Amino acid sequence: MKKIVGIVGNNSTESTNRKLLQYIQKHFQSKADIELIEIRDLPMFNKPSDGKLPSVILEMSEKIEAADGVIISTAEYDHSITSALTNALSWLSFNNFPFVDKPVMIIGASYGLLGASRAQQHLRAIMNAPVIRAMVMPGCEFMMGHSKEAFDEKGELVFPDKVQQLEAYFSDFLQFINVSELIQDRHASNVNEAMKFYREQFEK
Ligand SMILES: Cc1cc2nc3c(=O)[nH]c(=O)nc-3n(C[C@H](O)[C@H](O)[C@H](O)COP(=O)(O)O)c2cc1C
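Now for a quick tour of the structure. Every value quoted in this text rests on a predicted model; they were computed, and no experiment measured them. (Residues numbered from 1 in each chain as written. Predicted model: local features only at pLDDT ≥ 70, side-chain atom pairs only at ≥ 80, totals over all residues.)

Per the secondary structure count, the protein includes 6 helices and 6 strands. Taken from the N to the C terminus, the helices and strands of the protein come in the order β-α-β-α-β-α-β-α-β-β-α-α. The globule rule puts the C-alpha radius of gyration for 204 residues at 17 Å, and the 16 Å found for the protein is close to it. Across the protein, every contact between residues at least 6 apart in sequence was considered, and the portion connecting residues at least 24 apart equals 81%. (Helix = DSSP H or I, 4+ residues; strand = E, 2+ residues; numbered from the N terminus. Rg over C-alpha atoms; globule rule 2.2 N^0.38 Å. Contact = placed C-beta atoms within 7 Å.)

Structure (C-alpha cells):
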C-alpha cells in the first residue's frame, strides 16, 4: 500500500483544508496509508546562520522523504497561498530537499466559489523551484469551493460531484506515483543539483 503524506496548507483552527484531507484520509483508507502533517506550530522561517534546522522541520522532512507521494491542500489568501504554507516550504527547501522528484498532488479549499484555484496555480510554480523540484501531477485542479458548507458533522463530503472528481484524481495520483517510480534514475544527481543551487544562492 502506498504511503502518502497530506500537508494541511493552513494554520487555522477550523481549517476546511484540514477537513478535506481528513475526509481523503478516511475515504481512501483501503487504497493508501495517509498521514496528515500540520504546519501551524512551525517557527517563523529565519535563515539559521549555522544552517541547522529545528528538530520539528527535520522530522517533517524525513516523513516527506519516506513517503511515496504528498498531497498538499492549500487555502487561498489574497489570491495566493497562506503565509503559513510559504513558511513551511521555506523551511523544507533550506538545507533539506525532501520534495526533489516527489510526486505531489495539489488540491485546495476556500469559502468562495473558486476553490483556491489561484493559490493552487502559485503553489504549482513554487513546487517547481530548483530547491524544491517536486513532480507535481499535471492536469489536476481539485477546487473545493464553498468549503464551509462542504462537510457534514461526521466529516463526510456532501457534494457528490466533488466526491466523484476526488475519486478520479486520487486514482490518477496512485498511477502517477507508479509512473514516477520508473523515472528516479537521476534522483541522487537531482538532489545534488538542488543542493548546489542552495549553496550558490543561499549560503553567500
Ligand atoms: C486574509 C484572507 C484573505 C483571503 N483571501 C481570499 C482569496 O483571495 N480568495 C478566496 O477565495 N478566499 C480568500 N479568503 C477566504 C478563504 O477562502 C478562507 O479563509 C480559506 O481559504 C479557507 O481555508 P481554511 O478553511 O483551510 O482556513 C481569504 C481569507 C483571509 C482570512
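Still to come is the rest of the account.
Formed by 54 residues in total, the largest nonpolar core has its most connected members in Ile24, Val70, Ile71, Phe99 and Val104. Look past the residues within four positions of isoleucine 24 in its chain and what remains in contact with it is Gly6, Ile34, Ile71 and Leu166. (Core = buried A, V, L, I, M, F, W, Y, C linked by C-beta atoms within 7 Å. Buried ≥ 20, exposed ≤ 12 C-beta atoms within 10 Å, placed from the backbone.)

In this section: helix α4 (residues 117–126). Along α4, the positions that sit buried rather than exposed are Ala119, Gln120, Leu123 and Ile126. The buried residues of α4 occupy one face: seen down the axis, they fall within an arc of 115°. (Arc of directions from axis to C-beta.)

As paired elements, strand β1 (residues 2–9) and strand β2 (residues 32–38) share 7 bridges and run parallel to each other. In the sheet register, isoleucine 7 faces β2, and the bridge partner there is isoleucine 37. A crossover connection joins β1 to the parallel β2 through helix α1 (residues 16–27); in handedness this β-α-β unit is right-handed. (Pairing = 2+ DSSP bridges. Right-handed = clockwise from strand over helix to strand, strands pointing away.)

We note that aspartate 101 has phi near 65°; this positive angle belongs to a residue other than glycine. Tracing the chain through its elements places aspartate 101 in the loop between α3 (83–91) and β4 (103–109). Of note in this structure, histidine 146 is not a glycine but carries a positive phi near 50°. By the secondary structure assignment, histidine 146 is in the loop between β6 (142–144) and α5 (160–181). We classify histidine 146 as partly exposed; it has 15 C-beta atoms within 10 Å.

What follows is about the environment of isoleucine 81. When you line up the elements, isoleucine 81 lands in the loop between β3 (69–74) and α3. Note: C-alpha distance between isoleucine 81 and asparagine 10 (71 residues apart in sequence) is 8.6 Å. Leaving out residues up to four positions away in the same chain, isoleucine 81 has contacts with Gly9, Thr74, Thr86, Ala119, His122 and Leu123.

Time to look at the environment of proline 98. Turning to its location among the elements, proline 98 is positioned in the loop between α3 and β4. A count of 22 C-beta atoms within 10 Å places proline 98 in the buried class. Not counting residues up to four positions away in its chain, the partners in contact with proline 98 are Ser61, Ile64, Glu65 and Leu92.

Turning our eyes to something else, we now look at α3. All of the buried residues along α3 are Ala84, Leu85, Ala88, Leu89 and Trp91. The arc that holds the buried residues of α3, viewed along the axis, is 160°, so those residues lie on one side. Where α3 is buried, its residues touch β1, α2 (55–66), β3 and α4.

Burial analysis of β1 places 6 of its 8 residues in the buried class, the great majority of the element. As defined by bridge partners, β1 adjoins β3 across 6 bridges and the pair is classed as parallel. Along β3, the bridge assignment pairs valine 8 with serine 73.

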